[in-house]
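# Coordinates in review
Each chain, written out:
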Amino acid sequence: MQKNISNSKSKKVGGAQSAMEYLVTYGWAILVIAIVIAALFALGVFKGPSAANVCLLPANFGCINSFLYADGGLTINLVQTTSTPINITSIGCNTNETTENMISFQPQLQLQIDGNQSIDGNATTELRCYSGGNIYTAPVGTVFHGYIILNYTDLVSGLSHTVIGRLTQTIEESNSNFATSTTITGGTSTTSTSTTTSTSTTSSSSSSTSTSTSSSTTIAYAPLTLTNTQPANPYVTINISNGNGATTSNFDQMVNVTASSYSSYESAGLGNIRFYKGSTELHSWCESGCNLSSSKAIFWVLMPSGVPSGNSIINMTFLSVGTTYDGSYAGEAPQLSPTYAEYDNGASVFPLFYDDFSGNSINTNNWQYSGVSATQDNGVSLSSIGSSSGFTTKATYGVGNTIDMYANVIYSSSTAAGRSSTTSAGTDTGTLSGSSSGTQGVWTTSVQNGSYTTYYAFNYGSLLSQSLTTDEPTFPMYAAAEWYDCYWAEFSDAPASNTKGADGIFCVSGTISSISSLNWFRVRSTPPSGVMPAVTFGALVKPQATPADFQQMLVVDSNLYSSLDANLSNVEFTTGPGATGNVLDSWIESNATNTATHTIIWVKIANQISAGSNTVIYMDFMPTNSPLANGYTGYAPQMYCAGCAQTSYAQYDNGGSVFSYYNVNPISTSGWTVSGAAGQTSAAPSGSHYATTNALYAEGLGSDYLYSAISGLSTNEIITFDFYTEDIGAVAFLDNNNGVGQMARLSGNGGISSGLASTSNWTTATSTFTGSPMPINSWTKYDIVINGTTATSYYGSVSNGLGNLGSLQQSIIITDNGDYFGLFGDSGLTGYDTYINGLVIRAYPPGGVMPAVSYGSTQ
């Protein structure tokens with residue numbers, strides 16, 4: 001078998017070299033060739049006897065329509081979708097595919113990407129068709145068969161290009177006002193890399209997005225809603241790590257946010273931040289540091305089910321900049337709002353107890369006091385504290401809770417603020433150490449398990465005082481803590497020496513002279529062992545729209561649509577119902593029968609679908625028995641269209657119009673640089689997805705390779721190809737013309753690892769492969785998923801189809817070195833071959849998730 005294949009290769013390589021010499025003579029570079037748009041007109045449209053008008057151009061250009069008159073005058077509408085600005089230098093039409101009698105444009109017609117310009121004919125720019133050096137004239141109804149030739153210059157590279165297409169036209173009555181009316185319309189796709197292209201092959205790179213409305217009559221349609229399920233807003237995943245046992249339900253989790261790290265996504269007061277567990281919004285409350293430049297913004301998030309032991313996930317989401325707190329799910333401490341407590345939702349975040357002292361009247365349902373002067377005016381002030389003074393909550397709280405207040409405590413002596421033990425509500429028995437007077441901040445006392453007390457006093461999170469855990473076992477029924485001679489007592493049976501008569505906070509005479517600016521008071525559950533579960537932040541995830549010219553996969557239950565004919569060839573997709581919108585290119589990959597429950601169809605969507613939004617396209621049904629009449633719907637090459645008058649393999653393959661790059665069943669090395677024992681063969685092993693023996697190959701020597709510039713190759717795409725290797729081969733991608741870039745090793749004979757690596761030339765790998773060995777001597781589907789700076793490889797059965805990835809192999813960090821793709825030998829052993837016979841590139845779906853599809857009913 002090896003010998004026969006080698007003979008076939010040599011013949012093919014020789015033919016390719018002859019073709020290259022011909023092309024070089026004319027100074028043309030090479031384009032992978034594709035049928036982009038076939039304009040077929042129904043019977044009765046033209047005045048003369050009817051016949052189909054067909055204008056077939058290769059990638060980068062397409063015909064919307066064309067008219068040929070009896071005096072040889074030609075009117076065409078061209079679609080231009082090159083990836084760079086171009087100058088149109090001349091256009092010609094003749095019967096013998098030559099550049100004679102072309103009409104030059106002086107000055108040259110410059111077209112930017114997406115640019116539009118009409119050319120009005122005159123004596124110097126009349127576009128006419130020629131035959132044998134003479135203007136073609138023929139009776140009305142005669143059918144003309146010829147060629148369209150287009151010369152243009154790439155304004156970026158400076159290279160000149162020629163493309164050649166096929167033209168079949170029914171002659172119409174002469175137009176007395178004839179003058180060229182050639183409209184060239186810009187598109188959005190980035191496509192072919194060759195410089196000379198004809199329509200003699202089905203391999204091509206992507207063409208323009210169709211913008212024509214259907215010329216066919218539709219009998220029904222069904223709406224399809226495409227939804228980009230990616231989150232509509234940026235978010236950060238927060239991992240909560242709890243190593244001390246599950247918390248109680250309705251637990252308040254502190255989240256310390258470095259707000260300055262996300263300033264471009266935040267509102268000035270952080271009011272656009274929301275927290276979610278799954279799709280459920282959580283109540284949150286910003287305590288301090290609530291500004292864009294803060295390195296420590298403290299949020300409290302209510303966890304209704306608590307925090308389990310181990311790890312759990314919530315998301316911090318950024319709504320649109322300018323959004324503020326809603327005062328319901330998202331709020332802030334009362335003193336932070338423009339109007340006091342305007343956005344305070346503390347009662348929702350701290351369900352055990354919360355008071356923000358808004359207004360000018362103390363809530364007597366919450367508080368009782370005596371021996372102290374207490375006034376409220378958007379905050380509470382306490383003064384005239386006597387020997388039996390108290391300001392006490394009426395509610396009681398069990399062991400395991402923490403009390404916080406935000407206040408400024410002023411005292412008259414030099415006694416430090418801190419923590420000590422006590423035998424009654426009015427005395428302490430230990431030495432205090434801590435802060436001095438006049439500090440506005442958060443003061444916290446935490447009582448745990450009824451046997452020990454941990455006391456924290458901190459201002460915006462900074463610890464100011466000490467802990468004490470030694471005294472409480474002596475007083476198992478009573479535990480107290482001191483805030484500048486203000487006490488919180490938690491007990492089930494107060495000792496006789498306690499004269500306060502209620503649980504809560506109360507202040508006594510001594511060093512305290514007043515408490516001012518008491519803005520809020522709350523009770524929350526103490527975390528397990530007094531340790532707040534730790535939080536770590538993941539990477540910022542940004543909203544991802546689908547790219548323009550996105551390949552959307554549809555999985556259609558054909559049984560749901562009775563208007564489909566037997567082979568699905570009467571379907572088209574448009575942006576408006578009943579063919580009222582633009583026609584979209586589509587490609588049926590598998591199960592083209594109206595009895596299939598999983599028909600795979602790829603549709604090229606021109607416009608972006610924003611994250612969290614949707615768009616509607618329409619599946620239009622033309623009359624049955626009019627298969628593939630519109631020219632926008634095509635079949636995968638290995639499929640046969642029964643009833644479509646199909647006479648050749650890949651006759652209805654329009655993959656070049658749908659995918660970012662499409663080159664399957666290669667029949668030559670046009671556009672490829674070849675070295676050593678590499679090239680194209682029609683005697684490759686059978687059994688690939690594309691059911692053909694056409695393939696590119698390279699033998700297993702370091703000097704055997706071929707490569708080509710692949711337009712549309714970028715860092716957010718999926719490269720798919722079928723390969724077959726007898727030992728070890730490799731492909732390279734995102735390389736420059738020296739081969740510097742990334743490579744994928746194919747196979748693993750003898751247990752040699754396959755996978756991804758970097759390469760410094762077209763023959764070697766410069767980093768280690770860590771993937772698993774893959775099968776040899778059989779066709780395998782290989783996928784390289786490029787997402788930003790990472791490439792990941794997969795392999796599996798060729799029956800997987802384009803939409804399915806195989807077994808996960810290896811990921812590497814990559815660098816985009818260029819738009820070259822190559823195949824080369826990797827083992828250093830002569831006589832072993834590697835083949836690829838399908839190269840398809842499609843856009844990477846946002847977040848790796850194909851937009852969801854909702855299939856409407858027939859209308």
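Not measured: the values here are computed from a predicted model.

## So, the overall build of the protein chain
Along its length, the protein chain carries 3 helices and 58 strands. Within the protein chain, the fraction of its 859 residues that count as buried is 55%. Residue pairs in contact within the protein chain that sit at least 24 positions apart in sequence constitute 72% of those at least 6 positions apart. Counting every atom, the protein chain has about 31,500 Å² of accessible surface; 49% of that belongs to carbon and sulfur.

## Remarks on the state of the cysteines
A complete count under the given rule lists 2 disulfides for this structure. One disulfide bridge connects cysteine 93 with cysteine 129, the sulfur atoms lying 2.0 Å from each other. In this structure the cystine formed by cysteine 93 and cysteine 129 twists about its S-S bond by roughly 90°; its chirality is therefore right-handed. Of this pair, cysteine 93 sits in strand β4 (residues 86-94) while cysteine 129 sits in strand β7 (residues 129-131), placing them 36 residues apart in sequence.

## A look at the packing of aromatic side chains
Enumeration according to the criterion identifies 29 aromatic pairs in this entry. Here a set of aromatic residues connected by ring pairs shows up, and it is made of Trp285, Trp300, Phe350, Tyr354, Tyr406 and Trp520.

## Some remarks on the nonpolar core
One finds Phe573 and Met619 to be the most contacted residues of the largest nonpolar core, which totals 38 residues. Of all the secondary structure elements, the ones that give two or more residues to this core are β14 (220-227), β37 (550-556), β38 (571-574), β40 (586-590), β41 (599-605), β42 (614-621) and β44 (661-664). For this core, the element with the highest residue contribution is β41, accounting for 5 residues. Core analysis: the next-biggest nonpolar cluster, separate from the first, contains 30 residues, Leu696, Phe721, Tyr795 and Leu823 among them.

## Some points on the environment of asparagine 101
Assignment of secondary structure puts asparagine 101 in the loop between β4 and β5 (103-111). Along the primary structure asparagine 101 and serine 131 are separated by 30 residues, whereas in three dimensions their C-alpha atoms are 10.0 Å apart. In contact with asparagine 101, not counting residues within four places along its chain, are Tyr130 and Gly133.

## Digging into the side chain of asparagine 315
Assignment of secondary structure puts asparagine 315 in strand β21 (residues 310-318). Reaching out from asparagine 315, the side chain makes a polar contact with the side chain of threonine 237 at a distance of 3.2 Å. In this view, asparagine 315 contacts Tyr235, Val236, Thr237, Arg274, Phe275 and Tyr276; residues no more than four positions away in its chain are not counted.

## Remarks on the sheet that holds β40
Strand order in the open sheet formed by 4 strands is β37-β41-β40-β43, with mixed pairing between adjacent strands. Strands at the two margins of the open sheet, each flanked by one partner only, are β37 and β43 (633-635). The average undirected angle you get between the axes of adjacent strands in this sheet is 25°. Here β37 pairs with β41 via 7 bridges, running antiparallel. Bridging across to β41, glutamine 552 finds its partner in valine 603.

## Let's talk about the sheet that holds strand β56 (residues 820-825)
Here 6 strands make up an open sheet; going across it, the order is β45-β48-β56-β50-β51-β52 and the pairing antiparallel. Where the open sheet ends on each side, the last strands, each with one partner, are β45 (673-675) and β52 (755-759). Here the strands of the sheet are splayed against their neighbours by 20° on average, with no regard to which way each runs. Sheet topology places strand β50 (residues 729-735) next to strand β51 (residues 741-746); 5 bridges connect them, and they run antiparallel. When the sheet's bridge partners are listed, valine 731 is paired in β51 with alanine 744.

## Some thoughts on the environment of glycine 700
Following the sequence through the fold, glycine 700 ends up in the loop between β47 (695-699) and β48 (705-709). Taking the relative accessible area as the measure of exposure, glycine 700 reaches 1% and is therefore buried. Note: C-alpha distance between glycine 700 and serine 827 (127 residues apart in sequence) is 5.2 Å.

## Some thoughts on the environment of alanine 852
Secondary-structure assignment places alanine 852 in strand β58 (residues 852-855). We classify alanine 852 as partly exposed; its relative accessible area is 35%. Not counting residues within four places of it along the chain, the set of residues in contact with alanine 852 comprises Thr225, Leu226, Thr227 and Thr229.

## Some remarks on the pattern of salt bridges
Applying the stated criterion across every chain yields a total of 7 salt bridges. Glutamate 287 serves as the salt-bridge partner of arginine 522, at 2.9 Å between the closest nitrogen and oxygen. Note that arginine 522 is positioned in strand β35 (residues 512-525) and glutamate 287 in strand β19 (residues 284-288), a separation of 235 residues in sequence. For the residue pair arginine 522 and glutamate 287, the accessibility class agrees, reading buried in each case. Note that arginine 522 and aspartate 404 form a salt bridge whose closest N and O atoms lie 2.6 Å from each other. Within this pair, whereas arginine 522 is found in strand β35, its partner aspartate 404 is found in strand β28 (residues 401-411), the two being separated by 118 residues in sequence.

## Section: the pairing of β48
Among the 5 residues of β48, 5 are classified as buried, and the element is accordingly described as predominantly covered. The side-chain alternation of β48 yields two buried faces, one formed by Tyr705, Tyr707 and Ala709 and the other by Leu706 and Ser708. Pairing of β45 with β48, which is carried by 3 bridges, proceeds in the antiparallel orientation. In the strand pairing of β48, serine 675 is matched with tyrosine 705.

## Some remarks on unusual backbone geometry
Of note, alanine 650 is a non-glycine position whose phi angle comes to about 60°, a positive value. Along the chain, alanine 650 turns up in the loop between β43 and α3 (655-658). Judged by its relative accessible area of 5%, alanine 650 falls in the buried class. With a phi close to 60°, asparagine 777 is a non-glycine residue in the positive phi region. Note that asparagine 777 resides in the loop between β52 and β53 (780-787).

## Considerations on the side chain of aspartate 722
Assignment of secondary structure puts aspartate 722 in strand β49 (residues 716-725). Buried charge aspartate 722 goes without a salt bridge, the closest partner of opposite sign being lysine 781 at 6.9 Å. When neighbours within four sequence positions are excluded, aspartate 722 is seen to be in contact with Ser688, His689, Tyr690, Trp779, Thr780, Lys781, Val798, Tyr835, Ile836, Asn837 and Gly838.

## Side note on the confidence of the model for the protein chain
Residues with a pLDDT of 70 or more make up 73% of the protein chain, whose mean pLDDT is 76. When the elements of the protein chain are averaged for pLDDT, strand β32 (residues 478-483) gives the smallest value, 32, and strand β22 (residues 330-332) the largest, 98. The low-confidence segment residues 1-51, where pLDDT is below 50, has 129 contacts with residues more than four positions distant or belonging to other chains. Within the model, the stretch residues 448-511 combines pLDDT values under 50 with 220 contacts to residues more than four positions away or in other chains.

Cut-offs used in this document
- Residues numbered from 1 in each chain as written.
- Predicted model: local features only at pLDDT ≥ 70, side-chain atom pairs only at ≥ 80, totals over all residues.
- Heavy atoms only, no water.
- Helix = DSSP H or I, 4+ residues; strand = E, 2+ residues; numbered from the N terminus.
- Buried < 20%, exposed > 50% of the residue type's maximum accessible area, 1.4 Å probe, protein only.
- Contact = heavy atoms within 4.5 Å.
- Areas by Shrake-Rupley, 256 points an atom, 1.4 Å probe, with all protein chains shown as cover.
- Disulfide = S-S within 2.5 Å.
- Phe/Tyr/Trp six-rings, centres within 6.5 Å; stacked < 30°, edge-to-face > 60°.
- Core = buried A, V, L, I, M, F, W, Y, C linked by side-chain atoms within 4.5 Å.
- Polar contact = N/O pair within 3.5 Å; in protein donor to acceptor, adjacent residues only side chain to side chain.
- Pairing = 2+ DSSP bridges.
- Axes fitted to C-alpha atoms, helices over the stretch in contact; angles between N-to-C directions.
- Salt bridge = Lys/Arg side-chain N within 4 Å of Asp/Glu carboxyl O.
- Lys, Arg positive; Asp, Glu negative; His and termini not counted.
- pLDDT = per-residue confidence, 0-100.

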